[in-house]
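A closer look at the structure
Residue strings, one per chain:
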Amino acid sequence: MSLFQTKSIESLQKEAAADAGLNRSLTKLNLVSLGIGAIIGAGIFVLTGQAAAQYAGPAIAISFVISGLGCLFAGLCYAEFAAMIPIAGSAYTYSYATLGEFFAWIIGWDLILEYLFVSPTVAVGWSGHFVAFVKEFGLVIPVHLTEAPISYINGHFAATGHLMNLPAVCICLVLTTLLVIGIKESATFNNFMVVTKVSVLLAVIAFGAWFLLRDPGLALRNWTPFIPANTGTYGQFGWSGIFKGAAVIFFAYIGFDAVSTAAQESKNPQKDMPMGILGSLAVCTVLFIAISLVLTGMSKYTELNNSAPVVNALLAAGAPPMLRYVVEIAAIAGLSSVILVMLMGQPRIFFSMANDGLLPPVFAKVHPRFKTPYVTTILTGVISAVLAGLIPLSVLGEMVSIGTLFAFVIVCISIAVLRKTRPDAPRPFRTPWVPLVPMLGAGICFVQMYALPADTWWRLVIWLFIGMGIYFGYSRHHSKLGNAGK
């Protein structure tokens, strides 16, 4: 069998229409909510202020526009694929249809990296907020139960003497249990978390707008200069700082692609998947820009380089002290929904790869009662809990970024390829201005990959070599596509 043999669009569409045993219960609103749940985490409450203070000043709002455009280009490509091939495999399945089995395996293996690391990354952040929040009420969790046993400093691992990050382990296991019970129950929980954090963000924006309208002179002083002059160092203010800020806050946008993994649990995927992906991106971009404007209007950008810039800016503006607790609750709710959606995405990648024969059949098992891929959900949850408890945040975060960006690059390229090889294929949603949009999406994402540290690239290469060993040792011999003519 050729390494680059592709699955036909028609066969994939038949698979999508067939009963895979999963529960088709997600509506258009559920999908938008899943996207918002995956995108808005605590980053909006922390990264915005820090990136403004260190890189872009008030022009961090422009950074959000630039980063949002990069994600929009990739999102348009995801939307076309998700409507045309509504299967749980996401970028893995899209690559199978355009670039062939070997590339599909590579991107599937990369997605495993992304989803396995993003959940523990966010869980570690959740732990930090949770520990700080309960401390406000006199409950102090011992530090040896809230920190990883190893650290990563200046390229070297070292023992910390701590036991594990127990809160991070617990949140992964609790949400895994919820995902095993059912997708509808998980979506309901996510909807509640999304309503909570969006309501708080709107309240913060409303208070900020009221404060700035009451004293427009203060806003004008804080926004002047809107683009601070460059210090002479690349990335420290000026236009280079705006682009550096865009690269830093890109992490805040990660997650919309997880919507595509729920395609086989959507009631009407051809119409609803593009809305879920692009609708959630649009809502989050507007919220991000609004938050950045009111934040830099209420407080001078130089004062925002701290662990709680939104809270401190609100308190400085005379907001009620109780708002501090409300913002912390929103951050915890935001992180909870991100962990949930990412833990949901990984088992569905496993599910699609196992259905194609590239992983053992046990990875495709669906619970007879709950209609969820329970074996892989439990496996994903346990691995995520172990990583969250033992690995430092810096290592986890970099692996998430490079895995996600690589997937975006492949999906963008795949759209351009498919337009050339199958221009006649029916497309319920069409990416506009092909090949310009896919090439811009791939280019922006690759530039951000290039900016990541060399150690992160080496870990990606090692991970891919491990994946190729599994592919040539097992997957190629058990591929249903490869064995179809035997």
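Residues numbered from 1 in each chain as written. Predicted model: local features only at pLDDT ≥ 70, side-chain atom pairs only at ≥ 80, totals over all residues. Heavy atoms only, no water.

1. Considerations on helix 6 (residues 101-135)
- Look at helix 6: 51 Å from first C-alpha to last across 35 residues, which is about the 51 Å you get at 1.5 Å a residue.
- With 29 of 35 residues buried, helix 6 lies mostly within the body of the structure. (Helix = DSSP H or I, 4+ residues; strand = E, 2+ residues; numbered from the N terminus. Expected span 1.5 Å × (residues − 1). Buried < 20%, exposed > 50% of the residue type's maximum accessible area, 1.4 Å probe, protein only.)

2. Concerning the packing of helix 13 (residues 322-355) against helix 14 (residues 374-390)
- Running from N to C, helix 13 and helix 14 cross one another at 130°; their axes reach a closest spacing of 9 Å. Accordingly, the angle class assigned to the pair helix 13 and helix 14 is oblique. The interaxial crossing formed by helix 13 with helix 14 has right-handed handedness. Note on element contacts: helix 14 touches helix 13 through Thr376, Thr377, Thr380, Gly381 and Ser384, opposite Leu343, Gln346, Pro347 and Phe350.
- In terms of residue class, the contact of helix 13 with helix 14 is built from three nonpolar, six polar and no charged. (Axes fitted to C-alpha atoms, helices over the stretch in contact; angles between N-to-C directions. Parallel < 35°, antiparallel > 145°, perpendicular 65-115°, else oblique. Left-handed = near helix turned anticlockwise from the far one by under 90°. Contact = heavy atoms within 4.5 Å. Nonpolar A, V, L, I, M, F, W, Y, C, P; charged D, E, K, R; others polar.)

3. As for the packing of helix 7 (residues 166-181) against helix 13
- Here helix 7 crosses helix 13 at 55°, and the two axes come no closer than 10 Å. Between helix 7 and helix 13, the angle falls in the class oblique. Judged by the twist between their axes, the crossing of helix 7 over helix 13 is right-handed. Contact residues: Ile171, Cys172, Leu175, Thr176, Leu178 and Leu179 in helix 7; Ser336, Ile339, Leu340, Leu343 and Met344 in helix 13.
- Classifying every residue of the contact of helix 7 with helix 13 gives nine nonpolar, two polar and no charged.

4. Details of the nonpolar core
- Residues Ile40, Tyr78, Phe256, Phe288 and Leu314 are the most contacted members of the largest nonpolar core, which totals 154 residues.
- Discounting residues that sit within four places of it in the chain, tyrosine 78 has contacts with Ser90, Ala91, Tyr94, Phe256, Asp257, Ser260, Ile277, Ala407, Phe408 and Val411. (Core = buried A, V, L, I, M, F, W, Y, C linked by side-chain atoms within 4.5 Å.)

5. Here we look at a nonpolar patch on the surface
- A contiguous nonpolar patch, built from Leu173, Ile378, Val382, Val386 and Leu390 and spanning about 380 Å² of accessible area, is present on the exposed surface.
- Of all the elements, helix 14 adds the most residues to the nonpolar patch, at four residues.
- Along the chain, the position of leucine 390 falls in helix 14.
- Classification of leucine 390 by relative accessible area gives partly exposed; the value is 36%. (Patch = residues over 30% accessible without salt bridge, like charges linked within 9 Å, V, L, I, M, F, W, Y side chains within 5 Å. Areas by Shrake-Rupley, 256 points an atom, 1.4 Å probe, with all protein chains shown as cover. Salt bridge = Lys/Arg side-chain N within 4 Å of Asp/Glu carboxyl O.)

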